[in-house]
Amino acid sequence: MSKVILIVCDALRDDMAAQHMGYLEHLVEHHKATRWTVTGELPSMSRPMYETLHTGVPSSVHGIVNNAIVRVSNMPNVFKLAVEHGKTTAAAAYCWYSELYNRAPFDPVRDLETDDETLPIQHGRFYMSDDYPDLDLYAHGGALLAKYMPDYLLIHPMGLDTVGEREGGDSHAYRKLVIYHDGVISYMLPTALQLGYTVLVTADHGISGNAAHGHGGVHGGNFDEARLVPLYLITPDMNGRGRVTGHVSQLSVAPTLCRLLGLPIPDTMTQPPLG
């Protein structure tokens, strides 16, 4: 059982992470971390995959089948399970997470800064703009960590999705931002590990690479650039398995979080946890 930080880098492609996340790939190369390639569920869109990551079920089961569905989750999910078992939760994330797990619709005055022990996300710092600065978002996550030491902390930056949709997933700007995220994580990770946290880094979906055609990238459909995302797992002892060959299901992320947090895995999560 461990405390857990999940970093969901929105629209982080598997191939671009392998090429440009030098620090995390170094940890994998030296077996200080474990890395999988994850086959994401469909549709490869944000709100449906936020729900899949935290419930372990496909969109046809949880019912969040597109980004326009605004309601609270009605499935067993990691946040709710954690609070029900006496654990502390926190998130620095896009406002859709607040709508999925706390209250919908999002009320900026009420919900932008949330501290309420009765909610599934007890301590939330939520943003509304897709171009909200990633550095500020990571800083919110660090502040939540320092102030509350939550058992489960979600950190969800949006910059890669914004840049990828504007300029494409193989553009220079997108690649530079992947490197930037790797650098920020490299600063945060040693402190988190010293505090006893297991850290996972993944994505909700990827994005196509259309820079050569002069327009931005897309996601939502059934193609590898949109569906294949990385999953890095780093434990406090930094004893990993390196790169695991083959692909694993995105449905395994939620039961993996439950296992790490020492939570019972509900019957709705049918895929085995990763380890």
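Sequence order as written defines the numbering, with residues in each chain counted from 1. Where local features are concerned, this predicted model is filtered to residues with pLDDT of at least 70; where side-chain atom pairs are given and counted, the filter is 80 or more; whole-chain, interface and lining totals use all residues. Based on all heavy atoms of the structure, the side-chain values leave hydrogens and waters out of the count.

Colleague: I keep staring at the environment of Ala18 and nothing clicks. Help me out?
Modeller: With respect to the secondary-structure elements, Ala18 resides in helix H1 (residues 14–20). Using a relative accessible area of 34% as the deciding quantity, one classes Ala18 as partly exposed. As for Ala18 and Val178, which are separated by 160 residues in sequence, their C-alpha atoms are 10.0 Å apart. Beyond its immediate stretch of four places on either side in the chain, Ala18 contacts Glu25, Arg35 and Tyr232. Put simply, DSSP marks the helices as runs of H or I at least four residues long and the strands as runs of E at least two long, and each gets a number from the N terminus on. Classification of residues uses two cut-offs on accessible area relative to the type maximum, computed with a 1.4 Å probe and protein chains only: under 20% is buried, over 50% is exposed, and between them is partly exposed. Any two residues whose heavy atoms approach within 4.5 Å are treated as being in contact.

Colleague: Explain the side chain of Ser46 to me, please; I cannot follow it from the model alone.
Modeller: One can find Ser46 in helix H3 (residues 46–55). Among residues more than four places away in sequence, those in contact with Ser46 are Asp10, Asn67, Trp96, Asp204 and His205.

Colleague: Got a minute to help me understand the packing of aromatic side chains in this structure?
Modeller: Each aromatic ring pair is characterised by the separation of its centres together with the angle its planes make. A pair of aromatic rings is counted whenever rings of Phe, Tyr or Trp (Trp by its six-membered ring) have centres within 6.5 Å, and the orientation is called stacked for planes under 30 degrees apart, edge-to-face for over 60 and tilted otherwise. Overall, the coordinates contain 9 aromatic pairs when judged by the stated rule. Relative to Tyr101, the ring of Phe79 has its centre 5.3 Å away and its plane inclined at 45°; by these criteria the two rings are tilted. Taken together, the positions of Phe79 in helix H5 (residues 78–84) and Tyr101 in helix H6 (residues 95–101) put the pair 22 residues apart, joining distant regions of the chain. A relative accessible area of 0% means that Phe79 is categorised as buried. The class for Tyr101 is buried, based on a relative accessible area of 2%. Through a chain of ring-to-ring contacts, the aromatic side chains of Tyr50, Phe79, Tyr94, Trp96, Tyr97, Tyr101, Tyr127, Tyr132 and Tyr152 assemble into a single cluster.

Colleague: What exactly am I supposed to notice about the nonpolar core here?
Modeller: For soluble globular proteins, nonpolar side chains are generally found buried alongside one another. Only buried residues count toward a nonpolar core, which is a set of Ala, Val, Leu, Ile, Met, Phe, Trp, Tyr and Cys residues joined through side-chain atoms within 4.5 Å. By size, the foremost hydrophobic cluster in this structure holds 78 residues, and its most contacted members are Ile5, Ile7, Tyr97, Tyr152 and Leu154. When residues in this core are grouped by element, the largest group, 8 residues, is from helix H10 (residues 172–194). Among all residues touching Ile5, those that are not within four sequence positions of it are Leu145, Leu153, Ile155, Ala192, Tyr197, Thr198, Val199 and Leu200.

Colleague: Looking at this structure, how should I read the packing of H3 against helix H12 (residues 253–261)?
Modeller: The description of two packed helices rests on the angle between their axes and on the distance between the axes. Under this scheme, a helix contributes an axis fitted over its contacting stretch, all axes are lines through C-alpha atoms, and angles between N-to-C directions fall in the 0 to 180 degree range. Where H3 contacts H12, the two axes come as close as 5 Å, and the packing angle between them is 40°. Our classification of the angle between H3 and H12 gives oblique. In this structure, H3 uses Thr52, Leu53, His54 and Thr55 to contact H12, whose residues at the interface are Val253, Ala254 and Leu257. We call Asp, Glu, Lys and Arg charged. Ala, Val, Leu, Ile, Met, Phe, Trp, Tyr, Cys and Pro are nonpolar, and the rest, Gly among them, are polar. Grouping the amino acids of the contact of H3 with H12 by side-chain chemistry returns 4 nonpolar, 3 polar and no charged. Roughly parallel refers to an angle under 35 degrees, roughly antiparallel to one over 145, roughly perpendicular to one between 65 and 115, and oblique to any angle outside these ranges.

Colleague: Explain helix H8 (residues 134–148) to me, please; I cannot follow it from the model alone.
Modeller: Owing to its 3.6 residues per turn, the α-helix aligns residues three or four sequence positions apart on the same side. By this rule, a helix spans an expected 1.5 Å times one less than how many residues it contains. Spanning 15 residues, H8 covers 21 Å between terminal C-alpha atoms, matching the ideal 21 Å at 1.5 Å per step. Residues Asp134, Leu137, Tyr138, Gly141, Leu144 and Leu145 constitute the buried set of H8. An end-on view of H8 places all buried positions within 115° of arc, on one side of the element. Exposed and oriented more than 90 degrees from the buried face of H8 are Ala146 and Lys147. Residue Met149 follows H8 closely and has a positive phi angle near 45°. The arc in question is traced by the directions running from the helix axis to the C-beta atoms.

Colleague: Which parts of the structure should I look at to understand the side chain of Thr162?
Modeller: Along the chain, Thr162 falls in helix H9 (residues 159–167). Nitrogen and oxygen atoms within 3.5 Å of one another constitute a polar contact, given that in protein one can donate a hydrogen and the other can accept it, and given that sequence-neighbouring residues count only through two side-chain atoms. Separated by 2.7 Å, the side chain of Thr162 and the backbone oxygen of Asp130 make a polar contact. Beyond its immediate sequence surroundings of up to four residues, Thr162 is in contact with Asp130 and Asp131.

Colleague: Teacher, can you tell me more about the pattern of salt bridges here?
Modeller: Charged atoms that come close allow side chains of opposite charge to pair. Think of a salt bridge as a Lys or Arg side-chain nitrogen and an Asp or Glu carboxyl oxygen that are within 4 Å of each other. Under the definition given, this model contains 9 salt bridges. With a shortest N-O distance of 2.9 Å, Arg103 and Asp111 are connected by a salt bridge. Given the relative accessible area of 24%, Arg103 is considered partly exposed. Owing to a relative accessible area of 0%, Asp111 belongs among the buried residues under this scheme. The partner of Glu167 in a salt bridge is Arg166, and the shortest N-O contact between them spans 3.5 Å. In this structure, a network of salt bridges that share partners links the residues Arg13, Asp15 and Glu225.

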